[in-house]
Each structure stands twice: as structure tokens, then as C-alpha cells.
Amino acid sequence: LRLLEAGAVAGLQFAAALVAAAVDRPVSEVEGACAEIARQNSLIAPAGAEEWPDGAVSSRFGFAHALYREALAERLPAALGVEIHRRVGERLAVAYGPSADEVAGQLAMHFERGRDMAAAVHWLQKAGDASVRRKAAREAAAHYEHALELQKDVPPGRARDEARARLQLALCAPLIALHGMGSS
């Protein structure tokens, strides 16, 4: 059951490697257990394999219905859910390494739900930067504004102040694109 709950935190489809990181078990053990669950009932089904930029290869599984995933995620005790989100975020960041900007929004969500606000702010800024590069001003502004909101939960200090200044400066470009140069 704990494997399925961790899989529910990881998403509608999940890599066994993420679940393994979340529950601190070997990937091969988690793959075998998930394959057995898929074989015995219809909660999850095999969904191929996934290779990450760090070279890790893992089986993927998907929930047969979004309601199964939601029910399993909701039954997790709060503290355990926080821990699983943090571990999933950490594993994804390692897996993608220098390419982590590709999954910055996902990383930000996991770190926010894992209560690591400094990491969530970092990845929201990366997601905002990626949105600017794609000319998605509204999305970029939303990422930057959310990061500024979360920064209130980051302990005060020079690093937080510098990050806040970078975020406010980065927010200017999408706001100008959305509202024009002369807007307040």
C-alpha cells in the first residue's frame, strides 16, 4: 500500500525509481512489487520504461483511473506526504541534473508540498525563466509571483533578499509583455 501511496504522490503515471526513492527501497524491489500489484488487480498497469538524463532506467506504471490516485494520495498521513514529496523532488533533481529546467515546474510543486520553500522558490524561478524563453508571459508571471509569495516562508537573510530582488527583476519582462511599458 505504501508503494501505491508514494506512486500517487509521483503522479498519474510514475517511474518505479521515484517510488523507490520515496520509500527508500531498491528500484528492482519496487519494480517487482509494482509488477505484482499490476498483475493481481487493476489499480495500476505497466506503462513501459523511462530513462532519465542521469542514465537511470526504470519501469513506469500508471493508475487505471485518476480517482484511484487521488484516493491513495489523500489517505497519506500529512508528515509522510511531505517527506515523500521532498524525496521525489530530490530524486528528480538528481535524475535530470543540468537538464532539470525541463521539469522545473514539477520540481517546484514537489518541493513546495515537501515544505522546502527555498528549493521551491528556486525551481519556480527556473520555471518562470523557461516560460520567458517560450514567450509565455502569463505563465512566467504566475511562476515568479508564486515564488515571491513562497519567499515569505524562507528564513530572512542575504540569500533570500538577493533571490527576491532577482525574482522582482525577472517579473518585469512578463508584466511589460502583458500590460505594456506604461502600465503601473
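Above this text you will find the structure in question.
As the structure is a computational prediction, the values presented were derived from the model and not from experiment.

Any pair of aromatic rings gets described here by the distance separating the centres and the angle formed by the planes. Evaluated as defined, the whole model comprises 2 aromatic pairs. Relative to Phe63, the ring of Phe14 has its centre 5.5 Å away and its plane inclined at 50°; by these criteria the two rings are tilted. Residue Phe14 is found in strand S1 (residues 13-15), and its partner Phe63 is found in strand S3 (residues 57-63); the two are separated by 49 residues along the sequence. Since its relative accessible area comes to 8%, Phe63 is described here as buried. An aromatic cluster of three or more residues is present, and its members are Phe14, Phe61 and Phe63.

Turning our eyes to something else, we now look at the sheet that holds S3. By definition, the strands of a sheet pair up through backbone hydrogen bonds, in either a parallel or an antiparallel sense. Across the sheet, which stays open at both edges, the 3 strands sit in the order S1-S3-S2 with antiparallel pairing between neighbours. In the strand order of this sheet, the two ends are held by S1 and strand S2 (44-51), each with one partner. Ignoring strand direction, the axes of neighbouring strands in this sheet form an average angle of 25°.

With 53 residues, the main nonpolar core has Phe14, Val30, Ile44 and Trp52 as its most contacted residues. Residues within four places of Val30 in sequence aside, it is in contact with Leu3, Ala16, Val19, Ala20, Val23 and Arg25.

What follows deals with helix H5 (residues 78-96). Here H5 is 19 residues long and its end C-alpha atoms lie 27 Å apart, about the 27 Å a rise of 1.5 Å per residue gives. For H5, the complete set of buried residues consists of Gly81, Ile84, His85, Val88, Gly89, Arg91, Leu92, Ala95 and Tyr96. Angular distribution of buried residues about the axis of H5 spans 170°; they occupy a single face of the element. Across from the buried face of H5, at angles greater than 90 degrees, the exposed residues are Ala79 and Val94. Residues of H5 that are buried make contact with helix H1 (2-10), helix H2 (16-23), S2 and helix H6 (104-113). Once H5 ends, the next one or two residues include Gly97, with phi positive near 45°.

So, on to the pattern of salt bridges. Counted by the stated rule, this structure contains 12 salt bridges. When the shortest N-O distance is used, the salt bridge between Arg2 and Glu5 registers 2.5 Å. One end of the pair is Arg2 and the other is Glu5, both in helix H1 and 3 residues apart, which spans about a single turn. On the basis of relative accessibility, which here comes to 2%, the residue Glu5 falls in the buried class. Residue Arg39 pairs with Glu36 through a salt bridge whose shortest N-O separation is 2.4 Å.

Let us look at the environment of Pro46. Mapped onto the secondary structure, Pro46 falls in strand S2. Residue Pro46 is classed as exposed on the basis of its relative accessible area of 62%. Sequence separation between Pro46 and Arg86 is 40 residues, and the spatial gap between their C-alpha atoms is 25 Å. Excluding its chain neighbours within four sequence positions, the residues that come into contact with Pro46 are Ala38, Arg60 and Phe61.

Once that is clear, we can look at the packing of helix H7 (residues 117-133) against helix H9 (residues 158-179). Direction vectors running N to C along H7 and H9 enclose 25°, while the axes themselves pass 11 Å from each other. It follows that H7 is roughly parallel to H9 by the angle criterion. Our pair here, H7 against H9, has a crossing hand that is left-handed. Every residue of H9 that contacts H7 at Val121, Gln125 and Val132 is listed here: Arg166, Leu167, Ala170 and Pro174. Taken together, the residues of the contact of H7 with H9 break down into 5 nonpolar, 1 polar and 1 charged.

How each quantity is defined
Residues numbered from 1 in each chain as written. Predicted model: local features only at pLDDT ≥ 70, side-chain atom pairs only at ≥ 80, totals over all residues. Heavy atoms only, no water. Phe/Tyr/Trp six-rings, centres within 6.5 Å; stacked < 30°, edge-to-face > 60°. Helix = DSSP H or I, 4+ residues; strand = E, 2+ residues; numbered from the N terminus. Buried < 20%, exposed > 50% of the residue type's maximum accessible area, 1.4 Å probe, protein only. Pairing = 2+ DSSP bridges. Axes fitted to C-alpha atoms, helices over the stretch in contact; angles between N-to-C directions. Core = buried A, V, L, I, M, F, W, Y, C linked by side-chain atoms within 4.5 Å. Contact = heavy atoms within 4.5 Å. Expected span 1.5 Å × (residues − 1). Arc of directions from axis to C-beta. Salt bridge = Lys/Arg side-chain N within 4 Å of Asp/Glu carboxyl O. Parallel < 35°, antiparallel > 145°, perpendicular 65-115°, else oblique. Left-handed = near helix turned anticlockwise from the far one by under 90°. Nonpolar A, V, L, I, M, F, W, Y, C, P; charged D, E, K, R; others polar.

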